[in-house]
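Architecture at a glance
Here is how the chains run, residue by residue.
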Amino acid sequence: MDSKAHTESYSTTQYTTYHYSTKSIAPGSHDAAWDAFVKMYNDVSTIKESVIQCVPATGVPGSMK
């Protein structure tokens, strides 16, 4: 948000992703396709900050309930 112009725009330097897992999926579990995606991403990106948030069960997508 540009507070002076009172306009909104997409960031060219930040993004947000949400990752949900169920109890049946061990933390850190992934497969070869995920590893390949992460490698491609890391090859062209620099992560300067990462934030992990816990989401209550009421915030989990309906398809995972």
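Reading guide: rules and limits
- Chains are numbered independently. Their residues run from 1 in the order of the written sequence.
- Only residues with pLDDT of 70 or above have their local features reported here, since the model is predicted, and side-chain atom pairs are shown and tallied only from 80 upward, although totals for entire chains, interfaces and linings are computed over all residues.
- Each side-chain value is derived from all of the structure's non-hydrogen atoms; neither hydrogens nor water enter the calculation.
- Two rings from Phe, Tyr or Trp (for Trp, the six-membered ring) form a pair when their centres are within 6.5 Å of each other. A pair whose planes differ by under 30 degrees is stacked, one over 60 is edge-to-face, and the rest are tilted.
- What counts as a helix is a DSSP run of H or I of at least four residues, what counts as a strand is a run of E of at least two, and both are numbered from the N terminus.
- The buried label goes to any residue with under 20% of its type's maximum accessible area, the exposed label to any with over 50%, and the partly exposed label to all in between, with areas taken from a 1.4 Å probe on protein chains only.
- One speaks of a salt bridge when a side-chain nitrogen belonging to Lys or Arg is within 4 Å of a carboxyl oxygen belonging to Asp or Glu.

Taken as a whole and assessed by the stated rule, the structure comprises one aromatic pair. For the pair tryptophan 34 and phenylalanine 37, a centre-to-centre distance of 5.4 Å together with 35° between the ring planes defines the contact as tilted. In this pair, tryptophan 34 and phenylalanine 37 both sit in helix α1 (residues 32-44), three residues apart, roughly one turn of the helix. Phenylalanine 37 sits in the partly exposed class, given a relative accessible area of 44%.

Evaluation of the coordinates by the stated rule reveals one salt bridge. The partner of aspartate 43 in a salt bridge is lysine 39, and the shortest N-O contact between them spans 2.9 Å. Of the two residues, aspartate 43 and lysine 39 are both situated in helix α1; the distance of four residues between them amounts to about one turn of the helix. Assigned by exposure class, aspartate 43 and lysine 39 land together as exposed.

Keep in mind that these numbers describe shape and distance, not what the molecule does.
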